[in-house]
Amino acid sequence: MNHGSPPSPPRKPPPIPGGRRLVALDVGGTSMKGAVLTEDLRYLSSLRRPTPKGEDAVEAVHAAVDALLAEAGGDGAAAIGVAVPGIVDDDTGTAIWSENIGWRDVPFRERLAARTGLPVRVGHDVRAGGTAELVLGAARGARDALIVPIGTGLSAAVVIDGRLCVAGGYAGELGHIPVGGAAGGADEPCVCGATGCLEAVASAAAIGRRFTRRTGREATAATVAALAAEGDPDAAAVWADAVEHLAAALVAATALLGPEVIVIAGGLSEAGALLMDPLRDSVRRRLTFHRPPRLVRARHGQDAGRLGAALWARDLLPG
């Protein structure tokens, strides 16, 4: 895909006092959240914009960074961190592919560094959130961990011996573990082209879709959770099915990686005990000799990706 040349950046305003600034941008499938922060991670300003599709999304990322640099005040910005979805090569800062956005092989780090003259780190949005939880959140102090955000999609940040596992951008695709035999759902189609993937049965999007198909009533995952808490039998059945599939995948990951802690993040984690209590019970029931991981909710919520991007930017500062 030819993305053309990025537009010229705006002229920078005069420098302002107050030291170096970090520019952080978390690009999601539907919206992007940005911020300017101090080195000690105090928020100075925030930005939120919709994420368009395809070529327009590439230009929207450039424009969002420009806007944040302007907010940082001339020479105040010292480094940039950007988190993007899909398959991302963190080593080169290239967005290899995104099903939801539609870009392919976009060299964001190279472009943003040339465009701004600043050090830039670009990586996967889930690994950005994982960085925030590992350094400042629910996985702090752990050397082996999984951070699992459950939203429209489902993925994981994998921490092994204190380091994020990247594997050229392909590590952590927990949502595409086949779990159809765990509690039905083997024929559920996934956006990846396979059937029976975890994402097709246990993501927030899948929960809403399966409830609608079962009842004919339109619903989001949050609606299904609320109905299940009220005792609605259809909602309870869909919810329980999703929990069992998720537990099966977490047990497989535990057997392979031996995490000390599994952090559940994303919109679905907002269900609290309705999700966490049966999930813990199901994981414990399935484990035998394995080290049982602690299952906890994320600490930084929807801000984790932006905070992780800021931590990446701070790591680039000299001195």
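A quick note: this is a predicted structure, and the numbers were derived from the prediction, not measured.

**Q** Whenever I open this one, the packing of aromatic side chains confuses me. Can you help?
**A** Centre-to-centre distance and the angle between the planes together describe a pair of aromatic rings. What the rule picks out here adds up to 1 aromatic pair. Relative to F108, the ring of W103 lies with its centre 5.0 Å away and its plane at 70 degrees, an arrangement referred to as edge-to-face.

**Q** When you look at unusual backbone geometry in this model, what are you seeing that I'm missing?
**A** Most peptide bonds adopt trans geometry, and most residues besides glycine take a negative phi value. We note that D161 has phi near 50 degrees; this positive angle belongs to a residue other than glycine. Looking at where D161 falls in the secondary structure, it is placed in the loop between β10 (157-160) and β11 (163-164). For D161, a relative accessible area of 48% gives the class partly exposed.

**Q** For this particular structure, what's the right way to read the pairing of strand β9 (residues 145-149)?
**A** The two faces of the sheet receive side chains in turn, since in a regular strand these alternate between them. Of all 5 residues making up β9, 4 are buried, and the element is well covered by its neighbours. Across 3 bridges, the pairing between β9 and β10 is antiparallel. Opposite A145, over in β10, you have V159 as the bridge partner. When β9 meets strand β12 (residues 261-265), the two strands line up parallel, connected through 5 bridges. Residue pairing across strands places I147 opposite V263, the latter belonging to β12.

Here is what the cut-offs are and how they apply
Residues numbered from 1 in each chain as written. Predicted model: local features only at pLDDT ≥ 70, side-chain atom pairs only at ≥ 80, totals over all residues. Heavy atoms only, no water. Phe/Tyr/Trp six-rings, centres within 6.5 Å; stacked < 30°, edge-to-face > 60°. Helix = DSSP H or I, 4+ residues; strand = E, 2+ residues; numbered from the N terminus. Buried < 20%, exposed > 50% of the residue type's maximum accessible area, 1.4 Å probe, protein only. Pairing = 2+ DSSP bridges.

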